[in-house]
Amino acid sequence: MGKFYITTAIDYANGDPHIGHAYEKIGADAIARFHRLRGDDVHFLIGMDEHGQTVAQKAAERGLTPQQQVDEIAPRFQEMWSRLEISYDQFIRTTEDTHKAGVRALIKRIFDNNPDDFYEKSYRGLYCVGCESFKQAAEIVDGRCVLHPTRVLEQVEERNWFFRLSKYGEFLRRLFTERPEFLQPDSRRNEMLSLIDQGLEDISASRARFAWGVPFPAPLSDGEQQTTYVWFDALPNYLTATGFPAKGYRDRWPADVHVIGKDITRFHSIIWPAMLQAAELPLPRRVWVHGFVLFGGEKLSKTAGVRLELDEAIARFGVDPFRYFLLREVPFDGDGSFTWERFEDRYGADLANAFGNLASRVITMIEKYTGGTVPAGQANDIDRADASDLADYISAMDGSRGYLLHEALRIVWKSVTRANEYAQQQQPWTLSKQPESRAELERVLASLARQLARLSVLVSPFMPLKAQELWESLGGPDSVSEQRLDALTRLDPAGWRVTKGPALFPREPHTAKASSAI
RNA sequence: GGCAGGGUAGCUCAGCCGGUUAGAGCACGGCACUCAUAAUGCCGGGGUCGCGGGUUCGAGUCCCGCCCCUGCUACCA
């Protein structure tokens, strides 16, 4: 029991939300909901990264101001997150005044506490006018930018503020070594350690070339006013969202976990902690790096034409099955594939047949055999086996071994299978035909109802709507989200009035095997 | 190129410090059952454990070489 501040990467306002964005939000949402089930005071942050050249450029192309452009995109993300039942508590936008003020305060704080960490330096590099950015050696072939081979790279020199990241190599190495949970999975931590081994280079903290951003709080020595560069603008959102530097930010900061994609590991595990250390502020407790959703093994990318419409995926079976599928099929510590075939298999096997049908058969039997009231019964071996699974479920969800959401779902389905096996073995339908077996029948139905009630709670972080639907169908009090995991082994639905509703996960005629065979 | 991880049934994967007939889920086949969304349960078929050497009484499990895949190798927000 305590506060739990969870964040996701802020999304760049240069397009619509896609499945990659959705995967991260859905995973973080499951973690947030899990913590609410534990009784934690959860604060779940999502947001938009709205500054930078690309946004300004896009806006210019459309004859809009950058602000108009981002004002148009942010609501589209928010609508999608609502649709996906993402239970965020706060939606931050880097164009908010409080964020901009917070960024400047953070930078000033570094100037105050470690004045040597910022210094002016001329940055020389090959600048591609096509990309409007400096190019690294790997992106240059025959002296030309690989993306714009017809343009000539310009040798450009720019004077900027630099941040002394190199100073923090040893600090970060100790952080990763002494607090291995800080950065997970292990593979990501090892990559960052090897990066530190290679030696960290200082990074620029301001830029002259674009104005759509936060004015850097200190002018250069010649008086030139520059704009805060990406790291110092985007990363602090997690801190500025708490109100920093206003009093009270410490009620929330530090974040308990930053949930991010593997492409931005370095920013969150190297640059961000170094910035905070330079400002002498507490570091986040952990950074969790998830993998990517591939589409049939291919990376989703606009250029390669590999894309999957979120709308289409949601429309297929609804929001909850989509959430379930992503979190079950794509391991949260690595990459995984989305395929329609797999989605249909999972929906049919796990949701319609195993889980949905379990709910259906149990509720029907209670209606038929005990008049719709859940009978009373003592805990049995099944409850003990479920309790053991519950412990595994918690350890897969609480971050202690990483956020293994796919693992948690696998464990829940062990319980689903156990319930179906139990029903088959006990055969309440047979018991119902023998008046002398009445007590036995009630024990069995009570057991099945307990199992189902627990399942609806366990499944709720992943499928909040369906979990609530089942909870209501069982006649449970309040809402499923108000239940507590620590009370789950004592959860007793005896006396609840069940109501059989429509199938939880209807099997669709056109996906049934019978119709696919001609 | 360097560093890291991986290549195990049709598919997705488990197999810790080497030890009897290599496991799970899905898919597939058969049987049972009827409470249920033609759902469920039980049984079964199916694997040269990337390739080639080596160590060992014994190797997916250790060592060497090779092939293939993935990630990282820093200024894109």
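Let me begin by describing the structure that accompanies this report. No experiment lies behind these values; they were computed from the predicted model shown. (Residues numbered from 1 in each chain as written. Chains lettered and ligands numbered in written order. Predicted model: local features only at pLDDT ≥ 70, side-chain atom pairs only at ≥ 80, totals over all residues. Heavy atoms only, no water.)

Some points on the packing of aromatic side chains
Under the criterion given, the structure shown has 37 aromatic pairs. When the ring of Phe-244 is compared with that of Tyr-249, the centres are 4.9 Å apart and the planes differ by 90°; the resulting orientation is edge-to-face. Residue class for Phe-244 comes out buried when judged on its relative accessible area of 2%. What links up through ring pairs into an aromatic cluster is the set Phe-295, Phe-317, Tyr-324, Phe-325, Phe-338, Trp-340, Phe-343, Tyr-347, Phe-355, Trp-413 and Phe-505. Looking at Lys-121, its charged tip hangs above the ring of Phe-162, at a distance of 4.4 Å from the centre. For the cation-ring pair, Lys-466 lies above Phe-505, with the distance from its terminal atom to the ring centre recorded as 5.5 Å. (Phe/Tyr/Trp six-rings, centres within 6.5 Å; stacked < 30°, edge-to-face > 60°. Buried < 20%, exposed > 50% of the residue type's maximum accessible area, 1.4 Å probe, protein only. Lys NZ or Arg CZ within 6 Å of the ring centre and 35° of its normal.)

Observations regarding the protein's contact with RNA strand B
Taken together, the neighbourhood of RNA strand B is formed by 51 residues, with Tyr-12, Gly-199, Tyr-229, Phe-267 and Asn-357 sitting nearest. In RNA strand B, atoms within 4 Å of the protein come 67% from sugar and phosphate. Measuring from a sugar or linking oxygen of RNA strand B, one finds a side-chain N or O atom of Gln-198 at 3.3 Å. The backbone of Phe-505 places a nitrogen or oxygen atom 2.9 Å from a base nitrogen of RNA strand B. When contributions to the surface near RNA strand B are tallied by element, the ones reaching two or more residues are strand S6 (133-135), helix H6 (186-197), strand S11 (203-204), helix H7 (230-234), helix H9 (265-279), helix H12 (340-370) and helix H14 (405-426). Here the element with the most residues in the surface near RNA strand B is H12; it accounts for 12 residues. Taken together, the residues of the surface near RNA strand B sort by class into 20 nonpolar, 15 polar and 16 charged. (Near = heavy atom within 4 Å. Polar contact = N/O pair within 3.5 Å; in protein donor to acceptor, adjacent residues only side chain to side chain. Helix = DSSP H or I, 4+ residues; strand = E, 2+ residues; numbered from the N terminus. Nonpolar A, V, L, I, M, F, W, Y, C, P; charged D, E, K, R; others polar.)

Quick look at the pattern of salt bridges
Inspection of the entire model under this criterion finds 38 salt bridges. In this structure, Asp-71 and Arg-93 form a salt bridge, with 2.6 Å as the shortest nitrogen-oxygen distance. Here the residue Asp-71 occupies a position in helix H3 (residues 66-83), and Arg-93 occupies one in strand S4 (residues 90-93), the gap between them amounting to 22 residues. Note on Arg-93: relative accessible area 17%, which makes it buried. Between Lys-414 and Asp-389 there is a salt bridge, with its nearest N and O atoms 3.4 Å apart. With Lys-414 in helix H14 and Asp-389 in helix H13 (residues 381-397), this pair connects stretches of sequence that are 25 residues apart. What emerges from the salt-bridge pattern is a single network uniting Asp-383, Asp-386, Asp-389, Lys-414, Arg-418, Arg-450 and Arg-454. (Salt bridge = Lys/Arg side-chain N within 4 Å of Asp/Glu carboxyl O.)

All we've got here are geometric facts, nothing functional implied.
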